[in-house]
Amino acid sequence: MAKTSQPRVVVLALPNPLLSSLAAPLDVFGGLGTVTSRCTGEPEAPAFDLAVATLDGGPLRMNGGLQLTPPLRMADAGQPDLVIISGVLSFPGMEEALPPAIEWLAERHARGAWLASICTGAFPLARTGLLDDRTATTHWAVVQRFREQHPAVQLQPWRMFTDEQTLFCSAGSTAGYDLCLHVVGRLMGREAALDCARALLVEPQRDSQRPFAVPDLPRGHHDVEIRAAQRRIDADFGERLTIAHPAREAGLSPRTFERRFKAATGEPPVRCLQRVPV
């Protein structure tokens, strides 16, 4: 990354964006030297040159009817030091809009920019090819889709964020704060990241989305061994489990485990394993 007094950060807001994936970088990169200074009583001195851009400069529409109009077109964003790619609420319509963004992102990276994605922003980042044979993460609910579309990426779905030196990805929604604080630490040092975390009341150093990725099979049944096996599957989110693993946890043979699991949940155990993105 270029050495400047104020690194330029551009948040690329894709169509139908997740508001949280815009708020996180604006809070973190916009807050360092402003919100943090207000908390300590020091003179305000923004640490970053921060801007939001859309693909065409047009307004953004989000859930609840909220509409925002960023002041910048992607083509007019110049050469940022860091680009943050927003997540999206839904995929329909996004795929058609992506080719110009993918080319722009690849060019920015070739000229030295760091690229970071929040949530489903990992999809356009992966389409640049830059994540091939590198680690990445995204929201746990779209892991299977991501694996199908980008098999060359070393996806780590249990991670809150990944760091490949100049390429970063985060899990969904508020994991964007974890990612942005990490990048601030890379750029400005650990103390700056901690100052920002304290000002925003964000818990630093969360590193796993396992607790949030719960398979949606029934838990209210009375089979104690099967409930224990379901907890094992939850705890090993992201690992490549076979039926033998939770069966052993339940103290049952694989055949008995399969029969009792289906009786308790209404689904065969393989369905539960498939719902845990691995």
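For the structure, see preceding data.
In this text, all values refer to a predicted model and were calculated from it rather than measured experimentally.

### Remarks on the packing of helix H1 (residues 19-31) against helix H6 (residues 175-188)
So, point 1. Between H1 and H6, the shortest axis-to-axis distance is 9 Å and the interhelical angle comes to 30°. When the interaxial angle is binned, H1 and H6 end up roughly parallel. You can see that H1 and H6 cross each other, and the crossing is right-handed. Residues Ala23, Ala24, Pro25, Asp27, Val28 and Phe29 of H1 touch H6, and the partners they reach there are Gly176, Tyr177, Cys180, Leu181, Val183 and Val184.

### Remarks on the pattern of salt bridges
Oppositely charged side chains may form a pair once their charged atoms are brought near each other.
So, point 1. Throughout the structure, instances matching the rule amount to seven salt bridges.
So, point 2. Its salt-bridge partner being Asp195, residue Arg198 comes within 2.5 Å of it at the nearest N-O pair. Residue Arg198 and its partner Asp195 are located together in helix H7 (residues 190-200), separated by three residues, close to a single helical turn.
So, point 3. Arg198 sits in the exposed class, given a relative accessible area of 51%.
So, point 4. Take Asp195: its relative accessible area is 35%, and that puts it in the partly exposed class.

### As for the nonpolar core
The tendency in soluble globular proteins is for nonpolar side chains to be buried side by side.
So, point 1. In terms of nonpolar packing, the biggest core is built from 36 residues, with Phe29, Leu82, Ile84 and Val184 touching the most fellow members.
So, point 2. Within the residue set of this core, elements represented by two or more residues are strand S1 (8-13), H1, strand S6 (82-85), strand S7 (114-118), H6 and H7.
So, point 3. Looking at which element gives the most residues to this core, the answer is H6, with seven residues.
So, point 4. Leaving out residues up to four positions away in the same chain, Val184 has contacts with Val28, Phe29, Leu32, Phe48, Gly189, Ala192 and Ala193.
So, point 5. By size, the runner-up hydrophobic cluster in this structure holds 31 residues, among which are Val10, Leu115, Phe146 and Cys169.

### Overview of the sheet that holds strand S10 (residues 161-163)
So, point 1. With mixed pairing, the seven strands of this open sheet are ordered in space as S5-S2-S1-S6-S7-S11-S10. The sheet is open, and its two edges are formed by strand S5 (72-73) and S10, each paired on a single side.
So, point 2. One ladder, built from four bridges, connects S1 with S6; its direction is parallel. Pairing of Val11 across the sheet is with Ile84, part of S6.
So, point 3. Packing against the sheet, H6 makes contact with S6, S7, S10 and strand S11 (167-170), and its axis sits at approximately 150° to S11.

### Re the packing of H6 against H7
So, point 1. One way to put it is that H6 packs onto H7 with a least axis distance of 6 Å and a crossing angle of 145°. For the element pair H6 and H7, the recorded crossing hand is right-handed. Of H7, the residues touching H6 (which contributes Tyr177, Leu181, Val184, Gly185 and Met188) are Arg190, Ala192, Ala193, Cys196, Ala197 and Leu200.
So, point 2. Taken together, the residues of the contact of H6 with H7 sort by class into nine nonpolar, one polar and one charged.

Here is what the cut-offs are and how they apply
- Residues numbered from 1 in each chain as written.
- Predicted model: local features only at pLDDT ≥ 70, side-chain atom pairs only at ≥ 80, totals over all residues.
- Heavy atoms only, no water.
- Axes fitted to C-alpha atoms, helices over the stretch in contact; angles between N-to-C directions.
- Helix = DSSP H or I, 4+ residues; strand = E, 2+ residues; numbered from the N terminus.
- Parallel < 35°, antiparallel > 145°, perpendicular 65-115°, else oblique.
- Left-handed = near helix turned anticlockwise from the far one by under 90°.
- Contact = heavy atoms within 4.5 Å.
- Salt bridge = Lys/Arg side-chain N within 4 Å of Asp/Glu carboxyl O.
- Buried < 20%, exposed > 50% of the residue type's maximum accessible area, 1.4 Å probe, protein only.
- Core = buried A, V, L, I, M, F, W, Y, C linked by side-chain atoms within 4.5 Å.
- Pairing = 2+ DSSP bridges.
- Nonpolar A, V, L, I, M, F, W, Y, C, P; charged D, E, K, R; others polar.

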